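An overview of the molecular structure
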Amino acid sequence: MPRTMVSRALLLAAVVLTAQLCACTAYAVSGGDGFSVEFIHRDSVRSPFHDPTLTAPARVLEAVRRSAARAAALSRYYVRVDAPSADGGVVSEVTSRSSEYLMAVNIGTPPTPMVAIADTGSDLIWLNCSYGGDGPGLAAARDADAQSPGVQFDPSKSTTFSLVDCDSGACGELPDAACGTDSKCRYSYSYGDGSHTSGLLSTETFTFADAPGARGDGTTRVAHVNFGCSTTFVGTFIGDGLVGLGGGDLSLVSQLGADTSLGRRFSYCLVPYSVMASSALNFGPRATVTDPGAATTPLIPSQVKAYYTVELRSVKVGDKTFAAPDQSPVIVDSGTTLTYLPEALLDPLVKELTRRIKLPPAQSPEKFLPLCFDVSRVREGQVAAMIPDVTLGLGGSVAVTLKAENTFVEVQEGILCLAVAAMSEQLPASIIGNIAQQNMHVGYDLDKGTVTFAPADCASSYPAPSPSGSV
């Protein structure tokens, strides 16, 4: 899925390679402790893509179905196509562009508010662009018949927009970048469903506002951010672009790290699907996880730099512990709904849960969901007490406990299913998905090389900022 420009992301891109990649400047940080933005699930009532005709279980089932495509994308992030595209760029085919969370961003001077996919599994930030003027580069690259239906940023109306040259460090970070006759850095991407986007690497000022209800009430501006200004889009896509939150050099996180007061760190606290509220996405010192019960595990090297990968050592239910196969990396990802485990762990887990949970079995609505129960005759609020905790043993002798809300979801009225699926030839990566991360404060720290998990009541302890996101 990522490495180039990931299956879905927007917001800025750049650096760890220092000022050559990004001459970022961040200032007016709220209280000096960073900032928070709203982290919106795509099916939430706060999302512009919310479908009010779906019941709560139906929305969960749709997310579960999207999960397979997302997991496949993380496993085989892209297939390179050697032939150049018509506009001179090189096409990379990305297997999937599905993701589950959105964030508000403000780009340009004056700021244009946009809503983009926020993706912990990719790096490049790209946004839909139009061009109202006759300037070089964007105007020439624009295809009037291939425009995204979402909000489009018009660089001709911003005083801080610039195109990036081919010989820049940022352009060099794109594996499949190409040069136009104007010596500006171009890219082109195709997705597995036939969607396609292309544009020019650019720099711009991004603005993040703390709204009332957040821990601060200020504005953070980041200048000279590298991002993909997408001038052509063919296909369907939710959001106005994509913000990469991965561990690579072109992600928003790495770019913010150019300012030492913020560092390369972020955190989120995901409210359960059943709660009608958004989550909070925190950057800078505010992202430090100090909640009671916090457990920190080291990041380990990954084949894809964007991925946050840790070591999975075991799975435990009650007094039964099942050891993971040797060398069992697992990706921590907010964009994948389900958790994926190797069959050597999943099979004994399912067997032990079946033995311990005293509920009538039910037929699974999807063949990849291995265990389901009929809860139609159980009173609301009593189901959780009937499901044992599942504990993940991670690297550094860390234990992360998953409650019932982290392991089971209602996918049809009265049908509760285990939110864990098996790895396969098509899905060769273990993944800790977002259901497993509900009501946890999860912090990523690239400077320290760690991921921290802490139990939390996300709706009350980490309320999201107001939904406007504009400045």
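What counts, and at which threshold
- Residues numbered from 1 in each chain as written.
- Predicted model: local features only at pLDDT ≥ 70, side-chain atom pairs only at ≥ 80, totals over all residues.
- Heavy atoms only, no water.
- Helix = DSSP H or I, 4+ residues; strand = E, 2+ residues; numbered from the N terminus.
- Buried < 20%, exposed > 50% of the residue type's maximum accessible area, 1.4 Å probe, protein only.
- Areas by Shrake-Rupley, 256 points an atom, 1.4 Å probe, with all protein chains shown as cover.
- Salt bridge = Lys/Arg side-chain N within 4 Å of Asp/Glu carboxyl O.
- pLDDT = per-residue confidence, 0-100.
- Contact = heavy atoms within 4.5 Å.
- Disulfide = S-S within 2.5 Å.
- Expected span 1.5 Å × (residues − 1).
- Pairing = 2+ DSSP bridges.
- Axes fitted to C-alpha atoms, helices over the stretch in contact; angles between N-to-C directions.

**Some points on the overall build of the protein chain**
Looking only at helices and strands, the protein chain features seven helices and 29 strands. The proportion of buried residues among the 471 residues of the protein chain is 59%. Carbon and sulfur atoms form 51% of the exposed surface of the protein chain, whose accessible area is close to 17700 Å².

**Thoughts on the pattern of salt bridges**
Tallied over the entire structure, the rule returns 13 salt bridges. E100 serves as the salt-bridge partner of R66, at 2.8 Å between the closest nitrogen and oxygen. Taken together, the residues span a long stretch of sequence, with R66 in helix α1 (residues 56–75) and E100 in the loop between β4 (90–94) and β5 (101–107) at a distance of 34 residues. Of the residues examined, R66 reaches a relative accessible area of 15% and is grouped as buried. D389 is the salt-bridge partner of K403, the closest N and O atoms lying 3.1 Å from each other. Pair noted here: K403 is in the loop between β23 (398–402) and α6 (404–407) and D389 is in the loop between β21 (372–374) and β22 (390–394), with a separation of 14 residues, a long-range link. Relative accessible area serves as the criterion here: at 31%, D389 is assigned to the partly exposed category. Through salt bridges with shared partners, one network takes in D319, E352, R355 and R356.

**Examining the confidence of the model for the protein chain**
Counting all residues, the mean pLDDT for the protein chain is 80, and 76% of those residues have values of 70 or more. In this model residues 1–31 is a low-confidence stretch, pLDDT under 50, and it forms 182 contacts with partners more than four residues away in sequence or in other chains. Note that pLDDT drops below 50 for residues 467–471; the model gives that stretch 12 contacts with residues more than four away or on any other chain.

**Points about the state of the cysteines**
Applying the stated rule across the entire model yields five disulfides. One disulfide bridge connects C171 with C185, the sulfur atoms lying 2.2 Å from each other. The sign of the 85° torsion about the S-S bond sets the C171-C185 disulfide as right-handed. Note that C171 is positioned in helix α3 (residues 169–172) and C185 in strand β10 (residues 185–191), a separation of 14 residues in sequence. Residue classification places C185 among the buried positions, given a relative accessible area of 0%. Here C269 engages in a disulfide with C458; their sulfurs sit 2.1 Å apart. One quick way to see it: the torsion about the S-S bond of C269 and C458 is about -75°, and its sign makes the bridge left-handed. With C269 in strand β14 (residues 265–269) and C458 in helix α7 (residues 458–461), this pair connects stretches of sequence that are 189 residues apart.

**Quick look at the environment of I40**
Along the chain, the position of I40 falls in strand β2 (residues 35–41). Taking the C-alpha atoms as reference, I40 lies 6.2 Å from M103; in sequence the two are 63 residues apart. Leaving out residues up to four positions away in the same chain, I40 has contacts with R46, S47, E100, Y101, L102 and S278.

**Structural notes on the environment of V105**
Topologically, V105 is positioned in strand β5. Linking V105 and F208, residues 103 residues apart in sequence, is a C-alpha distance of 6.6 Å.

**What to know about helix α5 (residues 343–356)**
Compared with the 20 Å implied by 1.5 Å per residue over 14 residues, the 20 Å span of α5 between its first and last C-alpha is a close match. Along α5, the residues classified as buried are L345, L346, L349, V350, E352 and L353.

**A short note on the pairing of β5**
Along β5, seven of the seven residues are buried, which leaves the element largely enclosed by surrounding structure. Residues of β5 alternate between two faces, with Y101, M103, V105 and I107 on one and L102, A104 and N106 on the opposite face, all of them buried. Sheet topology places β2 next to β5; three bridges connect them, and they run antiparallel. In the sheet register, F39 faces β5, and the bridge partner there is M103. Connecting β5 to the next strand, strand β6 (residues 112–119), in antiparallel fashion are four residues, including G108 with a positive phi near 95°.

**Some details on the sheet that holds strand β24 (residues 408–412)**
One open sheet holds the three strands; their spatial order is β21-β25-β24, and the pairing between them is antiparallel. Because the sheet does not close on itself, it has two edges, and the strands there are β21 and β24. Each neighbouring strand pair of the sheet contributes to a mean axis angle of 35°, computed without reference to strand direction. Relative to strand β25 (residues 415–418), β24 is paired through four bridges, and the arrangement is antiparallel. By the bridge assignment for β25, E410 is matched with L416.

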